[in-house]
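The lines below spell out each chain.
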Amino acid sequence: MRTWQVGDVMTRDVATVGEETPYRQIVDVLIRRGISAVPVIDGFRRVLGVVSEADLLHKIERAGHPEERRVFEGRRRRTAREKADALLAGDLMTAPAVTTYPEASLPAAARMMDREDVKRLPVLDDLGRLVGIVTRSDLLRVHLRSDAEIREDVVQEVLRRVLAVRDGLVTVQVRDGAVTLDGRLDRRTAVELAGKLAAQVSGVVQVHSTIGYDVDDTTLVEVDPGRVTPVA
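About the cut-offs
- Residues numbered from 1 in each chain as written.
- Predicted model: local features only at pLDDT ≥ 70, side-chain atom pairs only at ≥ 80, totals over all residues.
- Heavy atoms only, no water.
- Helix = DSSP H or I, 4+ residues; strand = E, 2+ residues; numbered from the N terminus.
- Buried < 20%, exposed > 50% of the residue type's maximum accessible area, 1.4 Å probe, protein only.
- Contact = heavy atoms within 4.5 Å.
- Areas by Shrake-Rupley, 256 points an atom, 1.4 Å probe, with all protein chains shown as cover.
- Axes fitted to C-alpha atoms, helices over the stretch in contact; angles between N-to-C directions.
- Left-handed = near helix turned anticlockwise from the far one by under 90°.
- Nonpolar A, V, L, I, M, F, W, Y, C, P; charged D, E, K, R; others polar.
- Arc of directions from axis to C-beta.
- Polar contact = N/O pair within 3.5 Å; in protein donor to acceptor, adjacent residues only side chain to side chain.
- Expected span 1.5 Å × (residues − 1).
- Patch = residues over 30% accessible without salt bridge, like charges linked within 9 Å, V, L, I, M, F, W, Y side chains within 5 Å.
- Salt bridge = Lys/Arg side-chain N within 4 Å of Asp/Glu carboxyl O.
- Lys, Arg positive; Asp, Glu negative; His and termini not counted.
- Charge placed at Lys NZ, Arg CZ, Asp CG, Glu CD.
- Core = buried A, V, L, I, M, F, W, Y, C linked by side-chain atoms within 4.5 Å.

Undergrad: Mind laying out the overall build of the protein, listing which residues take part and the relevant values?
TA: The secondary structure content of the protein amounts to 9 helices and 10 strands. When burial is assessed residue by residue, the protein has 36% of its 232 residues classed as buried. Put simply, 58% of the contacts in the protein that link residues at least 6 apart link residues at least 24 apart. As displayed, the protein has an accessible area near 14,600 Å², and 50% of this comes from carbon and sulfur atoms.

Undergrad: How would you summarise the packing of helix 8 (residues 147–162) against helix 9 (residues 188–199) if you had to cite specific residues and measurements?
TA: Where helix 8 contacts helix 9, the axes come no closer than 10 Å and their chain directions differ by 145 degrees. The two elements helix 8 and helix 9 cross, and the hand of that crossing is right-handed. Residues V154, V158 and V162 of helix 8 pack against A194, L197 and A198 of helix 9. Of the residues that constitute the contact of helix 8 with helix 9, the class distribution is 6 nonpolar, no polar and no charged.

Undergrad: Requested: an account of helix 6 (residues 106–116), with residues and values cited.
TA: Taken together, the buried positions of helix 6 are occupied by L106, A109 and M113. Relative to the axis of helix 6, the buried residues are bounded by an arc of 65 degrees and lie together on one face. Structural note: helix 6 exposes R111, D114 and R115 on the side pointing more than 90 degrees away from its buried face. Of the surrounding secondary structure, the elements contacted by the buried residues of helix 6 are helix 1 (6–9), strand 3 (120–124), strand 4 (130–135) and helix 7 (136–139). Capping of helix 6 at its N-terminal end is provided by S105; its side-chain oxygen lies 3.2 Å from the backbone amide nitrogen of A108. Two residues or fewer past helix 6, D117 is found with a positive phi of approximately 55 degrees.

Undergrad: Hey, could you go over helix 9 for me, with residue numbers and the actual values?
TA: One turn of the α-helix equals 3.6 residues, which is why residues spaced by three or four share an orientation. In this model, helix 9 (12 residues) spans 17 Å end to end at C-alpha, consistent with the 16 Å of a helix rising 1.5 Å per residue. Within the sequence span of helix 9, burial applies to A190, V191, A194, G195, L197 and A198.

Undergrad: With reference to specific residues and values, describe a negative patch on the surface.
TA: Together, E19, E20, E82, D85 and D91 make up a negatively charged patch on the protein surface. Take E19: it is sitting in the loop between helix 1 and helix 2 (23–33).

Undergrad: Run through the nonpolar core, naming residues and quoting values.
TA: Counting residues in hydrophobic clusters, the biggest one holds 21 residues, and the most contacted among them are V154, V172, V179 and L181. Secondary-structure elements contributing two or more residues to this core are helix 8, strand 5 (170–175), strand 6 (178–187) and helix 9. For V179, the residues in contact, after removing those within four places along its chain, are I150, V154, V172, Q173, V174, V204, Q206, V207 and H208. Counting residues in hydrophobic clusters, the runner-up holds 14 residues, among them V29, L30, L56 and M93.

Undergrad: Give me the pattern of salt bridges: which residues, what numbers.
TA: Going through the model one piece at a time under the given rule, you end up with 15 salt bridges. One salt bridge in this structure joins E192 and R188, with 3.0 Å as the shortest N-O distance. Here R188 and E192 lie together in helix 9, a separation of 4 residues that amounts to about one turn. The network of salt bridges with shared partners includes D186, R187 and D217.

Undergrad: An account of unusual backbone geometry is needed here, citing residue identities and associated values.
TA: Following A95, the chain continues to P96 via a peptide bond in cis, the omega torsion being -5 degrees. Relative to the elements of secondary structure, P96 occurs in the loop between helix 5 (89–92) and helix 6. One non-glycine residue, D117, lies in the positive phi region at around 55 degrees. For D117, the location among the structural elements is in the loop between helix 6 and strand 3. Among the residues examined, D117 registers a relative accessible area of 63% and is labelled exposed.

Structure below.
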């Protein structure tokens, strides 16, 4: 069963700057392209870092208010002061950049963004070169799939191809991305697997299963001399 990957939703036409790109030119790129950050790359399109609006705002925050260095200066304050004085992308960027690959799953990319507290991920090929960028809004595109498309995947990929369920045994209804499964199968493990696989279909927000089963194959036992031991 195929699920959407980062390569399916990423932006391929990526605006970039080099280490020597000046502050004003970076601002121009962001405004002109309607974006909030830009990767900094070298001559081989390897990502050195990312300059975001937050990096650029330090200069505006401290405009007209020069700040003296403190003897005991925290890392956050020191970084903010250095970026407020910086004029080139190489000094303004946040590095190293948090990156991903086209083959990464959307849940994996979302978890990385949350864990690293970033809003976008440069996407690299096998040689470490920039091939795209994926943002939080890109990851949400999967939920723009129609209910009909989602139902088709559940029926064709989950029930027919993976579980080999005959037509008519299980009914599938989808409304606003929520999948409802009903019917009857021979084994409990098949019922549980149907629910798990349906939840992995791109665009599904919830799965409700009322599928019944004939045999609970999760509690089968094997006979040992002198005792009966449940098999997990």
